[in-house]
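Each chain, letter by letter, is given below.
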Amino acid sequence: MVPATPNSARICRYNGLNSSEPENSLVKSGMVNAAELPALVKSLNAAGPMPSGAMNCPMDNGTNDVIIFGYPDGHTVFVTVGLTGCNLVSNGAHKAHLTSSTTLGQLAAVVGAPTGPGQPGA
């Protein structure tokens, strides 16, 4: 999911369908602490394969985090993490399924837990 060894990561949180703000509007962003970056990369790369067959994600409201990984040579890789429903993760070329809440906790440590109607804990 995250190739090689990035040297930076910015997390951008975007609204889903159940927000008072427009869908896909930026809620908050923040930089991942350099000491925490390897753990975030490891947890994203540990995302499980997509289940075979049809997937039903009825609690998915479209809230997501986009993580922009920066590399020493200047290129970037974007990884999108769905925060509700099936918790799908994608880098554009590959899709995976988060099978642990570790990644969601790492993201929340930077940009906070998702809030609003339809969000966990809301």
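Further up the page is the structure itself.
(A) Region of interest: helix α1 (residues 37-45). Where α1 is concerned, the buried positions are L37, L40, V41, S43 and L44. Taken end-on, α1 shows its buried residues confined to a sector of 165 degrees, consistent with a single buried face. Exposed residues pointing more than 90 degrees away from the buried face of α1 are listed as P38 and K42. Elements in contact with the buried residues of α1: β1 (8-14), β3 (64-70), β4 (76-82), β5 (88-90) and α2 (102-111).

(B) The side chain of D65, seen in detail. Note on placement: D65 falls in strand β3. Beyond its immediate stretch of four places on either side in the chain, D65 contacts I11, C12, R13, V79, T80, V81, L83, L107 and V111.

(C) Spotlight on the pattern of salt bridges. One pass over the structure, following the stated rule, counts one salt bridge. Residue R13 pairs with D65 through a salt bridge whose shortest N-O separation is 2.4 Å. Here R13 is found in strand β1, whereas its partner D65 is found in strand β3, with 52 residues between them in sequence.

Criteria and thresholds
Residues numbered from 1 in each chain as written. Predicted model: local features only at pLDDT ≥ 70, side-chain atom pairs only at ≥ 80, totals over all residues. Heavy atoms only, no water. Buried < 20%, exposed > 50% of the residue type's maximum accessible area, 1.4 Å probe, protein only. Helix = DSSP H or I, 4+ residues; strand = E, 2+ residues; numbered from the N terminus. Arc of directions from axis to C-beta. Contact = heavy atoms within 4.5 Å. Salt bridge = Lys/Arg side-chain N within 4 Å of Asp/Glu carboxyl O.

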